[in-house]
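Coordinates in review
Next come the chains, spelled out residue by residue.
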Amino acid sequence: MATVSANSATVAHAAEHEHHEPQSFWRKYIFSEDHKTIAKQYLISGIFWSIIGISLSVMFRLQLGFPNMKLDFLRPILGTWINETGKLDPDFYLALVTMHGTIMVFFVLTAGLSGTFSNFLIPLQVGARDMASGFLNMLSYWFFFMASVLMFGSLFIETGPASGGWVIYPPLSALPQAHKGSELGMTLWLVSMALFIVSQLLGGINYITTVINLRTRGMSFSKLPLTIWAFLLTAILGLISFPVLLSAALLLIFDRSFGTSFYLSEIYIKGEALPNVGGSPILFQHLFWFLATQRYI
Amino acid sequence: MVYIVALLAVIFLGLAAVVVSRMATVVKNASGPVEEGRIGMSNRINGLLMVVFFVTGLIGAIWSFLHAKQFFLPEASTPHGRHTDFLFWLGMSIITIAFVVTNALLFFFAWRYQHREGYKAAYYPENHKLELIWTVIPAVVMALLVFTGWKAWRDIMAEAPENAQVFEIVGKQFNWIARYPGVDNNKLGSFNYKLIDNNNETGIDYTDEASFDDFVSTSELHIPVNKPILLKIRARDVLHSVFIPHLRVKMDAVPGMPTRFQFTADKTTDEMKNITGNPNFTYEIACTEVCGQGHFSMRIRLVVEDEASWLAWCKEQKPLLTSTPELASRIPANLKAKAAKYLPADATAAPADSVTASILPKG
Ligand SMILES: [Cu+2]
């Protein structure tokens, strides 16, 4: 299809712009600012997370669909999470459901899909050489990576990961005495989610800026491909709603660790009436679903 | 109901026919220069597979629905439940018909209008009349659905009638506690979460004389049939949710924020035994908000019976004050006399614990 002359022209053209010094392995593949490399990093992390997320769901669906099934063969991996009768420990069942939801919604759909395709396609389809800020883009991935490490690590701690449902409604998630999964696992969940939100905001700002400012000559908004329109709107919605989730998580961290009563009121638990009054668990639900309704869409 | 569904089906089919005929004319008008055969058998196979996929999917969906039908709940035992069920199935029918028709067209078109030698796609940018039709009809249908739904919600959430029989249900990890207003004054006493302990699991406030005849149960909630019921809902520790599937009742129990649900059950437990053909049938109140380790087993039995036997049952129950005379120490001195008839003779003589009684704010 292509002729020799066209090929050599491309080479000459490319050579003109090759001003970069050769990049080290670290800069090229690990701490890369290149949108395609970052897209691949998101893709690989997303695939990793979807394997984890799906295998968690397979475990609890086996238990749910076949209540009498012996799951002892999972004991080498899960240890005491499989109880003496060969069934999933009830606490672990809730942990599985919770982590499956968290992983699929945030780490696979939001980061894995949106991170991969927005990063890969936006510069290509609007005709930009790269994202508006390669550095922010790199930070975005590495914040996501840190969030991933914490969330993954929480699967291996003794009290287990967060297990109050992926919506982590307080007071259950706010009171360590209410639930095993509301101990260290919940703290790790919240810190991981805070880092995750930072990553999403850095990414979102970049997507929006690139689409608005770096379109090639003649690429007006009305000629913008529909995929880009979708990425742009997704990024704007994310930018509006992720900070709200961050505030929900922060208030929950305060309630858990600093004795505030944003979500707690008139609670009697484990033989003790807590002093907290005046808070509202419903506040958390409003803040949470401000994000989550649009995440579903 | 069937007529509405049928009417909507006709409208949607009509719409679909309009689209099909439009597309057919468009395709007929567009014929361009013939190109040599670039596209082989695979195109035709893929087109056919589209239709196969749709038909298999449809058959699978119908089979799965019919198979699952045996697990569906029986007809609701409350008037509001039957109404919400009607709205559910109405919405479901409209959505299903629209879904099947649009998807049938999607997959059928992929097969019907596959690439053919000598055909060329036409540029057909807009048709205002068509766009108007497919915007206005769904908009009107959606508006009607939203309006009827809003009306149903307003009726269900309305204030309970004056003569409603009041009960209280309190959620804790991991069981429900039912509190009855007692047969003497039929009024629930006030409560305070700081009063909760092993003797007084719902935090009943004994500075309120309406509390004296209240009794509690962790195994059963008995309610009269065909009488408006007002269920007051509380949670002690974390979120729980009152779920009575057969009555289509569902309301969250929130610590620090009492909620309520009013309904009228019109089928007794015994009638349900006949209807379901299950001699062991019982209504169940479950918890439907993840509340921790024991969430899956958190439930209490609901007994719906005629008013006379309900009242008789209530009269057999002992007020909490009678079964737990230690609570007498919480009664302020001026009400001791009124409480005396619920207490064994020696308990009234016990010294009043004035400290507990005086620090308590009204619940
Ligand atoms: Cu519960």
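Everything numeric here is computed off the predicted structure, so don't read it as measured data.

1. A closer look at the overall build of chain B
- When helices and strands are counted, chain B shows nine helices and ten strands.
- The buried share among the 363 residues of chain B stands at 41%.
- By sequence separation, contacts in chain B at least 24 residues apart represent 72% of the contacts at least 6 residues apart.
- As displayed, chain B has an accessible area near 20,200 Å², and 63% of this comes from carbon and sulfur atoms.

2. So, the pairing of strand β8 (residues 259-263) of chain B
Residues and elements named next belong to chain B.
- The buried count for β8 comes to four of five residues, which makes it a mostly enclosed element.
- Bridging between strand β5 (residues 229-235) and β8 involves five bridges; their strand directions are antiparallel. Along β8, the bridge assignment pairs I233 with T259.

3. A short note on the environment of F284(A)
Residue and element names in this part refer to chain A.
- Here F284 lies in helix α9 (residues 281-296).
- Here F284 falls in the buried class, since its relative accessible area comes to 1%.
- Counting along the chain gives 103 residues from F284 to G181, while the straight-line C-alpha distance between them is 18 Å.
- Ignoring anything within four residues of it in the chain, the contact list for F284 reads V167, I168, Y169, P170, A248, L252 and Y263.

4. Points about the UniProt feature "transmembrane region" (unreviewed entry) in chain B
All names here are of chain B.
- Taking the UniProt record as the reference, the feature "transmembrane region" (unreviewed entry) is found at residues 6-24, 45-66, 86-111 and 132-153.
- Counted over residues 45-66, helix gives 100% and strand 0%. Its end C-alpha atoms are 31 Å apart.
- End-to-end, the C-alpha atoms of residues 86-111 are 37 Å apart, and along that stretch the chain is 100% helix and 0% strand.

5. A word on the domain arrangement of chain B
Residue and element names in this part refer to chain B.
- Once the domains are mapped, chain B shows domain 1 (75-114 + 130-158) and domain 2 (165-343).
- Just the C-alpha atoms count here: the centres of domain 1 and domain 2 sit 38 Å apart.
- Listed as interface residues are 14 residues of domain 1 and, on the opposing side, 15 residues of domain 2.
- When domain 1 packs against domain 2, close to 1,100 Å² is buried across both sides, 41% of that on carbon and sulfur atoms.

6. A word on the interface of chain A and chain B
- With 25 residues of chain A at the interface, the matching set in chain B holds 19 residues.
- Buried surface at the junction of chain A and chain B, both sides included, amounts to about 1,800 Å², of which 65% is carbon and sulfur.
- When the area that chain A buries against chain B is broken down by residue, the three leading residues are L172(A), E266(A) and Y268(A), summing to 33%.
- Here chain A and chain B share four residue pairs in polar contact (both at pLDDT 80 or more) between them.
- Looking at the side of chain A that touches chain B, the elements with two or more residues in it are α5 (90-126), β1 (268-269) and α9 of chain A.
- Considering only residue class, the side of chain A that touches chain B consists of 17 nonpolar, six polar and two charged.

7. A look at the coordination of the copper ion
Residues and elements named next belong to chain B.
- On the protein side, the copper ion has H240 (ND1), C287 (SG), C291 (SG) and M298 (SD) as donor atoms, found 2.1 to 2.5 Å from it.
- Because the angles between the four donor atoms bound to the copper ion fall within 93 to 123 degrees, the donor set is best described as tetrahedral.
- One chain supplies every donor to the copper ion, and in sequence these donors are spaced H-x46-C-x3-C-x6-M. With C287 in strand β9 (residues 283-287) and M298 in the loop between β9 and β10 (299-305), this pair connects stretches of sequence that are eleven residues apart.
- With relative accessibility at 8%, the residue C287 sits in the buried group.
- For M298, a relative accessible area of 2% translates into the label buried.

8. With respect to the sheet that holds β5(B)
All names here are of chain B.
- As summarised here, the arrangement of the five strands in space is β3-β2-β1-β5-β8, forming an open sheet in which the pairing is mixed. For this open sheet the edge positions go to β3 (215-217) and β8, each flanked by a neighbour on one side alone. Looking at each pair of strands side by side, their axes are set apart by 25 degrees on average, direction ignored.

9. Examining the pattern of salt bridges
All names here are of chain B.
- Applying the stated rule across the entire model yields 19 salt bridges over all chains.
- Residue K341 pairs with D184 through a salt bridge whose shortest N-O separation is 3.3 Å. Of this pair, K341 sits in the loop between α8 (336-339) and α9 (354-358) while D184 sits in the loop between β2 (175-180) and β3, placing them 157 residues apart in sequence.
- The exposure class assigned to K341 is exposed, which follows from its relative accessible area of 62%.
- Assessed through its relative accessible area of 46%, D184 is described here as partly exposed.
- A salt bridge links K338 to E209; its shortest N-O distance comes to 3.2 Å. Here K338 is found in helix α8, whereas its partner E209 is found in the loop between β2 and β3, with 129 residues between them in sequence.
- According to the relative accessible area criterion, E209 is partly exposed, its value standing at 37%.

10. Re the sheet that holds strand β6 (residues 240-244) of chain B
Residue and element names in this part refer to chain B.
- What the five strands build is an open sheet, ordered β4-β10-β9-β6-β7; its pairing is mixed. Strand pairing shows two members of the sheet lacking a second neighbour, β4 (220-224) and β7 (249-253), which therefore form its edges. Each strand of the sheet is rotated relative to its neighbour by a mean of 20 degrees, with strand direction disregarded.

11. Some words on the UniProt feature "domain: Cytochrome oxidase subunit II transmembrane region profile" (unreviewed entry) in chain B
- In the numbering used here, UniProt assigns the feature "domain: Cytochrome oxidase subunit II transmembrane region profile" (unreviewed entry) to residues 65-160 of chain B.
- Split by type, residues 65-160 of chain B is 70% helix and 0% strand. Its first and last C-alpha atoms lie 37 Å apart.

Cut-off values and rules
Residues numbered from 1 in each chain as written. Chains lettered and ligands numbered in written order. Predicted model: local features only at pLDDT ≥ 70, side-chain atom pairs only at ≥ 80, totals over all residues. Heavy atoms only, no water. Helix = DSSP H or I, 4+ residues; strand = E, 2+ residues; numbered from the N terminus. Buried < 20%, exposed > 50% of the residue type's maximum accessible area, 1.4 Å probe, protein only. Contact = heavy atoms within 4.5 Å. Areas by Shrake-Rupley, 256 points an atom, 1.4 Å probe, with all protein chains shown as cover. Pairing = 2+ DSSP bridges. UniProt positions renumbered as here; feature names shortened; annotations may be inferred. Domains from an automatic or database assignment. Buried area = accessible area lost by both parts, 1.4 Å probe. Polar contact = N/O pair within 3.5 Å; in protein donor to acceptor, adjacent residues only side chain to side chain. Nonpolar A, V, L, I, M, F, W, Y, C, P; charged D, E, K, R; others polar. Donors = N, O, S within 2.8 Å, 3.2 Å for Na, K, Ca; no water. Tetrahedral: all angles 85-135°; square planar, octahedral: opposite > 155°, others 65-115°. Axes fitted to C-alpha atoms, helices over the stretch in contact; angles between N-to-C directions. Salt bridge = Lys/Arg side-chain N within 4 Å of Asp/Glu carboxyl O.

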